[in-house]
Every structure is written in C-alpha cells, then in structure tokens.
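Working through the structure, step by step
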Amino acid sequence: MRYFVALAGLLIASPAVAHDSSAPLSGEHPVEHEHLSEEIWDLLIPQAEASADITVNGNTRRIRANGYPIKPPGQFPNRNNPSAISKKNYNLKVPLNPRKNSQATRARGGVFGIAINGVVMDPGTAEFWQNDRRSGWNYEAMGGACKLGLDRYNAHVQPDGTYHYHGIPTGVVASSGGKSVPAMIGYAADGFPIYGQYGYSDPGGKSAMKKLKSSYRVKNGNRPSGPGGRYDGKFTQDWTYVAGAGDLDQCNGRFAVTPEYPNGTYHYVLTDTFPFIPRCWMGSPDRSFLRLKGRGRRAELDAEDNHPTIDFTAMSDNSAAIVHLIQSQGGHPPRLHPGGRPPPGAGRGPGRGRGPQAGGRPGSRSPCSGS
C-alpha cells in the first residue's frame, strides 16, 4: 500500500510535458526526455500490438516501428498467402528537408516508403511469367493475374513475415481525411511526404478536391516476347509513362499545397491505377530503407534518364527477403498505440503457413496466369 501511495505522489508531483507551439505533422512528435514517472508508467502499461514512433532530431526525421498496423489486418495465413505476420524492428531515417534531384532514381525492388502507422510500402512482386525471372515479364500485384491474398487494405505478408502495402492503404487514408482534404499517409525513403489519391485541383492553393491521375498508360500493340498477346496491364512491362497524360510525373509526384505544407512541397501520390505506389524517387533515398532487403538481396539504385518512357525490366526478387535490422533503438522509446489482435497463426513464424508458395522459384506452383 505504501508503494502505491508513493507512486501516486510521484506521478502527481511530476512536471507536465511542455509542447512546442508549432503544430507537428501527422503522426510526429519532437524528441523528448522522459521523467522518472513516465518510465515507471511505461512499465505498468502492457505493450500494444502496434507501435509507430516518428521523431525529429536536427535535420533528420527518424521512424521506429514494428510493422504491425493499428487497424486489425486481414486473415493471415490465407488461401492465397501462406505467410504469417511477424513484428519487425524498423529503425529508419529520412532527411527532414529533402531535395528534389534533376532526374529520378529507380527503386528496383526497394521499399519505397513507410506509412504513418509503421507499415512499409513495397509495390514490387516476385512473380514472373512461367516462374522465370529471366523472362523480363514481372506480374503486377494489382494487375488481376495473380491472387496474392491481399486484404481489404491492399496489403499482404512476405514469407519473412513482413506485412506490406501493394496499393493505397485504405485504412490509413480513411483515418487521415480521405476525400475531404489531402491525406498525408507516410514518408518516402527520400524524405518527401506521401499522400492519398485526392488533392487540391489548384496545386497553388486550397481549392476544390479532385482525384489525381497517374500519367502511366498501357502500351499499344502486342508483347514482343514472353507471354505474348496484347498489352493489358497484367505485367509491369505493359505500362509506359506518357508525360502530361495525367496530373503526376514519372514518380507519381507533384508540387502542391497541402494542409501540412501551406507553402507547398513536392510529394508523392498513391493512385488506384499503375503505378499504385511509385517505383522511383525524385530525391535521394536513405540507406536505412535500402537495407530492408536481406543480405545479398539489397535493393539497387539506378538513375533514370529523362526519357518519356520508363520500362521497369529488372525488379528485384522479394520472395525470400529477410529484414535484418540490428540497429539499437536508442533515443526516445517507441510510443505504443492500440492495435488489433494478431491473426490466428501469427506466432508460427514465416514459412509455416499453409498453401502453395506464390511464384518465386522455378518448378513451384504459381497463382498467376498469362494473358
């Protein structure tokens, strides 16, 4: 009893945490030093399933998360996705004031960015025509030819347990405003913010909202090799960038005013058509994102020429990617947010789910079909 009285007195006597007068961006808070009372309080509160922490330290924005969404994900394993979710230990950083380069940098199989809920955006797939990655024909996760067990948030699980988005994270967008205002939903690896598909019709100021359109179009004619047949969008190589055809550039970005950036900023936009999640950066991606691919499978960087067409002919295989993050947490501990319960089987770890392994190695059963 004496312990609890002393603890209560300690909590009451502790000074209140002062907040900066400037409003932080969504999901972000400044680096703070905890008082002894806060440390004791953390010990008394059980850890939630989801945790995401975004802090600003000098010229760096640091993102720590366990990769588990705040809203309960779909059922994993499932019929078309045999992998179970496992928590990660993301310790990522991006520049606070990113700079736009003169040309794009292609993300060959790299993790493009991370949502404010701590779930990564990884648009590429490991599925190739006839399971032959040398064919150069890479199936699109959102192209309709592959059943990859995506949940209603356009996400599923890699064999190593990484829960990740292949399309617009609908749950995050809905929580951030959706159609009423531009919804900031994350950060790209180069530090530029990521928004949902609705933005101001006049990029120069607050105006009517509209659905922003990608400038990628399905190519005309027939495929010269591989699956043959007409281009129909099932493969990454079916798409080409046509400058000015939509509202966005080759990296699905534009410069515009947003609620978080009233003076305007370059930012990326997720769309419900290709590329869904961008496949290149206009800034310089931080190495912490490139290290998210396992040893020997690190994402490659490739500078884009300013040609009107981008052919993504060499996407890195992520079927066996293993996240190795041995960096110490350090600094401010992650803030814990309520999360959904882990789906049945989540504790079994990667590779123990039921069902065929999607794509990947020659001779394995594939869920994909040709044109």
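Refer to the structure printed above.
Here is what the cut-offs are and how they apply
Residues numbered from 1 in each chain as written. Predicted model: local features only at pLDDT ≥ 70, side-chain atom pairs only at ≥ 80, totals over all residues. Heavy atoms only, no water. Phe/Tyr/Trp six-rings, centres within 6.5 Å; stacked < 30°, edge-to-face > 60°. Helix = DSSP H or I, 4+ residues; strand = E, 2+ residues; numbered from the N terminus. Buried < 20%, exposed > 50% of the residue type's maximum accessible area, 1.4 Å probe, protein only. Lys NZ or Arg CZ within 6 Å of the ring centre and 35° of its normal.

Digging into the packing of aromatic side chains
- Throughout the structure, instances matching the rule amount to 13 aromatic pairs.
- The interplanar angle of 5° and the centroid separation of 6.1 Å between the aromatic rings of Phe112 and Trp281 together place this pair among those described as stacked. You can see Phe112 sitting in the loop between β5 (105-108) and β6 (113-115) and its partner Trp281 sitting in strand β18 (residues 280-281), a full 169 residues away along the chain. Across the pair, exposure class does not vary: Phe112 and Trp281 are buried alike.
- The interplanar angle of 65° and the centroid separation of 6.1 Å between the aromatic rings of Tyr163 and Tyr165 together place this pair among those described as edge-to-face. Across the pair, exposure class does not vary: Tyr163 and Tyr165 are buried alike.
- Linked through ring pairs, Phe112, Phe192, Tyr266, Tyr268 and Trp281 together constitute an aromatic cluster.
- For the cation-ring pair, Lys100 lies above Tyr266, with the distance from its terminal atom to the ring centre recorded as 5.3 Å.

What to know about unusual backbone geometry
- A cis geometry characterises the amide bond from Phe76 onward to Pro77, with omega recorded as 0°.
- Cis geometry is adopted by the peptide bond preceding Pro275, which originates at Phe274 and carries an omega value of 10°.
- The topology assignment puts Pro275 in the loop between β17 (265-269) and β18.
- At Gln130, a residue that is not glycine, the phi angle is positive and equals roughly 55°.

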